[in-house]
Amino acid sequence: MMESERVVDEVRRAGTPVSRRRVLQLAAFGSLGIAGAGILAACGGGSESPTTAPSGGSGSGGGTSSTPSAEGTPGGGGGEAKQGGIWRMAITANPTAYPITAPGALTDILVNKTIYNSLVQYQLEGDTIEVVPDLAESWEAAADLSEYTFKLKSGVTWHDGEPLTAEDVKFTMDAVLDPNVNASGRGVVSSIDSTEVVDDQTVKFVLKYPFASLPIMLGYNKPIVPKHLLEGQDLNEPAEFLRKPIGTGPFKFQEFVQGSHLAVEANPDYFEGAPLLDGIIFKVIPDGNARVAQVRSGEIDFTVIEPAQIDALSGVDNVEIRYVPQVNYYFFAINHSSPKMQDVRVRQALVHAINRQAIVEQVLKGRGQVATGPINPLLGPYYNPDVPTYDYDPERAAALLEEAGWTKGQDGVLTNAQGERFTLRFNGPKGYPAMEQVITYAQQEYQKLGIDVTLEIVDWPVHLDMYHNLEYDLLMQWWITPPDADLYDHYHSESSSNWWAYNNPEIDELIVQARSEPDEQARIELYHELQRKLAEDVPVVYLYYPEEIQAMSTRTKGLPAMGYRDALTWMEKVWVE
């Protein structure tokens, strides 16, 4: 049997947990196993040429204790698990515990991880991540990977006592794919043509084309919601449900106080057993420095921090700092509906104008590497290091702008033949010191070229609204992507999450061709070609691939040492001393 056929057969028979190492040979990764701390090696030297994909192992040290244990348990054990206690975590804005639209993006996702379940989830096992059942008991794919049948676990109930059935799964997927619903992350399940209920405990997904990565995508922010409470409601804003969200998760919604916190309490009837914690408080703390101060003082147990904040927590007895690999990238979104941004020479100039290697070294303190595209080096053979790069070269940036018809006027501001000034509305979120530093630096570099830049550093909800409504020219943002190379969600012209209005028919065709290719090597080659073409076309300004840095109280035990979004799906196992 050929290797690709053997892997297909393995995925088809995925009735038991399938390791990410094997699933992703078919779905997008090759044989990559994610390693522990410091997998993103610090970039060195002055060149911005991409390095080869890291293979794991320990990176550079710094700060306090940083290496997570292989078992995913922090702090070297901690003794026997204890029942009780409240765990507190920082979030940056008011959350909405409703996964269909997730209007608050990351803040909503974090809360939803504890209230709801998906069909599958990601589990840390040694130095690899496995795709394992959550609400699903098992699943099987058709021979050509165009259909998937999922069997649900028995005995799962909603927080109001009603049983979970296949009707809930169909209702959820139909809602996400409904063009009249402002669904979050529709693109990751856009391969689904229809969802069929086989019986109360069995659901079948019929796909538009073969898609090896469907099981992985179903674990990426795709919680199941209750049909019996949402059917017939306005799914964009179901008022009653928003007041009291109901899920199947280990914690039940307790209360929400605007500007203060959202609290959840233990679900004693959770199908995997009652949680160890009594509850979790998601505390709204918009300011990054305030988050650091509160984890230091013990007012919260967990927050994600930036490299410049490590020193403030070094040597603090009650805080542990963990460095974990995360499949992500930071970028400047480019609004392609703006006429001046439609010239590729202008977009290339925006990249040449900034020193991304200096950003990695000075802002990230070396904890990351310059980004070459949307596929992170953690994706192993799917990452292509051989793509066009744009070294820091202000003279080349100026020449490209001149070629595009922009020359300096008497006031030093670039103008075109129609007398239009080159203005740039540059947006970023408040409360993220590193991002604010990067945006301010970029403003200075762009102004040197003669671009009239207006900065808009705004609160997170306003930032998201401006992003989704294309009210910007440039906007700094980041994406934590699925553990897969698929790019449909943000780069296909028909995706609802393409919030920079990028439209390239050749890229659209390549995205669909790559995601539907079942042969591993052919799939890798397609993604390499896709990365080359995206690097040439510059849909966004790719900045860097950082580590995720977690500041956690030493009383916290059992939280897996993985990206915190995925770690939160295991909160029933977390306890406090």
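Keep in mind that what you see is a predicted model, and the values were worked out from it rather than measured.

### Examining the sheet that holds strand β8 (residues 202-207)
Here's step 1: The strand order across the open sheet built from four strands is β5-β6-β8-β7, with neighbouring strands paired in antiparallel fashion. The sheet is open, and its two borders are formed by β5 (136-141) and β7 (192-199), each paired with just one other strand. For this sheet, the mean angle separating the axes of adjacent strands, direction not counted, is 20°.
Here's step 2: Of the pairings in the sheet, the one linking β7 to β8 comprises six bridges and is antiparallel in character. Each bridged residue has a counterpart across the sheet, and for valine 197 the counterpart in β8 is valine 203.

### Section: the pattern of salt bridges
Pairs may arise between side chains of opposite charge once their charged atoms sit close together.
Here's step 1: Enumeration according to the criterion identifies 20 salt bridges in this entry.
Here's step 2: Among the salt bridges present, the one from glutamate 299 reaches lysine 283, with a minimum N-O distance of 3.9 Å. A residue pair is termed long-range when its members are at least 10 positions apart, and glutamate 299 in the loop between α8 (288-297) and β12 (302-305) and lysine 283 in strand β11 (residues 279-284) qualify at 16 residues.
Here's step 3: With a shortest N-O distance of 2.7 Å, aspartate 301 and arginine 555 are connected by a salt bridge. Taken as a pair, aspartate 301 in the loop between α8 and β12 and arginine 555 in the loop between β22 (548-553) and β23 (556-557) lie far apart in primary sequence, 254 residues in all.
Here's step 4: Each of Asp411, Arg421 and Asp452 takes part in one network of salt bridges that share partners.

### A closer look at helix α10 (residues 344-352)
Here's step 1: When you tally the buried positions in α10, you get seven out of nine residues, the bulk of the element.
Here's step 2: Among the residues of α10, those classed as buried are Val346, Arg347, Gln348, Ala349, Leu350, Val351 and His352.

### A look at the packing of aromatic side chains
Here's step 1: Taken as a whole, this structure holds 23 aromatic pairs when the rule is applied.
Here's step 2: A centroid spacing of 5.0 Å and a plane angle of 85° characterise the contact between phenylalanine 332 and phenylalanine 426, whose relative ring orientation is edge-to-face. Pair noted here: phenylalanine 332 is in strand β14 (residues 328-334) and phenylalanine 426 is in strand β18 (residues 423-429), with a separation of 94 residues, a long-range link.
Here's step 3: Classification of phenylalanine 332 as buried rests on a relative accessible area of 0%.
Here's step 4: With 6.4 Å between their ring centres and 45° between their planes, phenylalanine 426 and tyrosine 446 make a pair best called tilted. Pair noted here: phenylalanine 426 is in strand β18 and tyrosine 446 is in helix α13 (residues 433-448), with a separation of 20 residues, a long-range link.
Here's step 5: Taken together, the aromatic side chains of Tyr329, Phe331, Tyr491, Trp500 and Tyr542 make up a single cluster linked through ring pairs.

### Description of the nonpolar core
Here's step 1: The biggest cluster of nonpolar side chains holds 121 residues, and the ones touching the most others in it are Trp87, Leu119, Phe150, Phe205, Phe332 and Tyr446.
Here's step 2: Beyond its immediate chain neighbours, meaning those up to four positions away, tryptophan 87 contacts Leu277, Gly279, Ile280, Ile281, Asp301, Phe302, Arg555, Thr556, Leu559, Leu568, Met571 and Val576.
Here's step 3: Judged by nonpolar contacts, the second largest core, of 33 residues, contains Trp479, Ala485, Tyr502 and Ala514.

### Thoughts on the packing of α10 against helix α12 (residues 394-403)
How two helices sit against one another is set out by the angle between their axes and by the gap between those axes.
Here's step 1: Running from N to C, α10 and α12 point in directions that differ by 165°, and their axes come no closer than 8 Å. When the axis of α10 is compared with that of α12, the two are roughly antiparallel. The handedness of the crossing between α10 and α12 is left-handed. On α12, the residues touching Arg345, Val346, Gln348, Ala349 and His352 of α10 are Pro394, Arg396, Ala397, Leu400, Leu401 and Glu403.

Cut-offs applied
- Residues numbered from 1 in each chain as written.
- Predicted model: local features only at pLDDT ≥ 70, side-chain atom pairs only at ≥ 80, totals over all residues.
- Heavy atoms only, no water.
- Pairing = 2+ DSSP bridges.
- Helix = DSSP H or I, 4+ residues; strand = E, 2+ residues; numbered from the N terminus.
- Axes fitted to C-alpha atoms, helices over the stretch in contact; angles between N-to-C directions.
- Salt bridge = Lys/Arg side-chain N within 4 Å of Asp/Glu carboxyl O.
- Buried < 20%, exposed > 50% of the residue type's maximum accessible area, 1.4 Å probe, protein only.
- Phe/Tyr/Trp six-rings, centres within 6.5 Å; stacked < 30°, edge-to-face > 60°.
- Core = buried A, V, L, I, M, F, W, Y, C linked by side-chain atoms within 4.5 Å.
- Contact = heavy atoms within 4.5 Å.
- Parallel < 35°, antiparallel > 145°, perpendicular 65-115°, else oblique.
- Left-handed = near helix turned anticlockwise from the far one by under 90°.

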